[in-house]
Amino acid sequence: MPADGGPFSTPTALGLQGGGAYGAFSWGVLDRLLEQEDIPLGAISGASAGAVNATVTAWGLMENGRQGAREALRRLWDGVGKLSAYSPMGLPGAGMQFDLMTRVLSPYQFNPLNMNPLRDLLAAMIDFDRLRQHCPLPLFIATTHVPKGDVRIFRESELNLDVLMASTCIPYLHQAVEMEGEPYWDGGFSSNPPLLPMVTQTDCRSLLVVKLTPDEEPGAPTAAPEIFARLKRILFNAPLLRELDAIAEIQRTINIAGRLPPDLARLRDLEVHSIAIGPEFFADKGSALNPKPQLLEQLFNAGQSAADGLILRARRG
């Protein structure tokens, strides 16, 4: 980016939406952004898969700068792809059988030992004690506090493996994560991803949201599985739309004021951009719970291409 005050030439906050295996799309976006030395990353927020991407990016940056972050993300998603070899979800009819099973059995019944291979993968990758002490940028990780049903945001100084597992805890797949005697579920239910805390508590001057829900999907589904899948995407996207509306309303309110202190002027002038996954990834009944290596690489490439388009438009504009 040109260093003349154009888009992304000042500290950029990244908001990473959750979406299971579709988080590989965000991996592609991050990989391309990390290649661009003149795009300063100011903060990252995330929920679910977005929280994992945010944390692994921060760990890689701490270990070996931007190239280290790219390598860490590649290790993460290569590991996720290898885990899919042990998943029955790719077998014929497995998706329907799993859907039926989770309607009558809870993870406390079909997974009483609460096994989660993602937990083992992240524990082997990240030294959370070191990351808490030396995190190179602000992190905002969303979880959902089950008793109240509201969001709890964990910062980089509070981050540990349980926080990350809570942010990714889909309640029909895994038991709630207990922290300080309280149960937590996936952060995507309440803040997907958290934006307001990030843009108000940091000095970022631009915001880039990476969406794992399409901006638009044609028509209305008519078959039951597609109806439920579309409904899930709408519900998981709703917290993001609320936060974007809130930011826009804040900017409209500030804009009618006169002379402003620096923090309010920064919020007024905050540039908001988004990159969204394409609807084609949902047309073939792909599953966020079935991270086959081929799908992950397709998502990665799509994320890179989407980021290329945004960067090119920004440079021209």
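Reading the values: rules and limits
Residues numbered from 1 in each chain as written. Predicted model: local features only at pLDDT ≥ 70, side-chain atom pairs only at ≥ 80, totals over all residues. Heavy atoms only, no water. Salt bridge = Lys/Arg side-chain N within 4 Å of Asp/Glu carboxyl O. Helix = DSSP H or I, 4+ residues; strand = E, 2+ residues; numbered from the N terminus. Buried < 20%, exposed > 50% of the residue type's maximum accessible area, 1.4 Å probe, protein only. pLDDT = per-residue confidence, 0-100. Contact = heavy atoms within 4.5 Å. Phe/Tyr/Trp six-rings, centres within 6.5 Å; stacked < 30°, edge-to-face > 60°.

Asker: Could you give me a rundown of the pattern of salt bridges, with the residues and numbers involved?
Answerer: Here the structure, examined in full by the defined rule, presents 18 salt bridges. Among the salt bridges present, the one from Glu-35 reaches Arg-32, with a minimum N-O distance of 2.5 Å. Taken together, the residues Glu-35 and Arg-32, both in helix α1 (residues 23-35) and three residues apart, mark about one turn of the helix. Its relative accessible area of 34% is what places Glu-35 among the partly exposed residues. For Arg-32, a relative accessible area of 15% gives the class buried. A salt bridge links Glu-217 to Arg-233, with the nearest nitrogen and oxygen atoms 2.8 Å apart. Highlighted residues: Glu-217 in the loop between β7 (206-211) and α9 (224-255) and Arg-233 in helix α9, separated in sequence by 16 residues. Here Glu-217 matches Arg-233 in class, with each residue buried.

Asker: Any details on the confidence of the model for the protein chain? Residues and values, ideally.
Answerer: Any residue range with low pLDDT should be treated as having predicted coordinates unsuitable for detailed reading. In the predicted model, the protein chain carries a mean pLDDT of 89, and the fraction of residues at 70 or more is 89%. Across residues 1-5, where pLDDT falls below 50, the model places ten contacts with residues more than four positions away in sequence or in other chains. Note that pLDDT drops below 50 for residues 88-94; the model gives that stretch ten contacts with residues more than four away or on any other chain.

Asker: Hey, could you go over the packing of aromatic side chains for me, with residue numbers and the actual values?
Answerer: For the structure on display, the rule yields five aromatic pairs. Ring centres 4.1 Å apart and planes at 35° place the aromatic pair Trp-27 and Phe-300 in the tilted group. Of the two residues, Trp-27 sits in helix α1 while Phe-300 sits in helix α12 (residues 293-316), which places them 273 residues apart along the sequence. Between the aromatic rings of Phe-189 and Phe-236, the centroid separation amounts to 5.0 Å while the plane-to-plane angle is 55°, which identifies the pairing as tilted. Of this pair, Phe-189 sits in the loop between β6 (182-186) and α8 (196-201) while Phe-236 sits in helix α9; the two residues are 47 residues apart in sequence, bridging distant segments of the chain.

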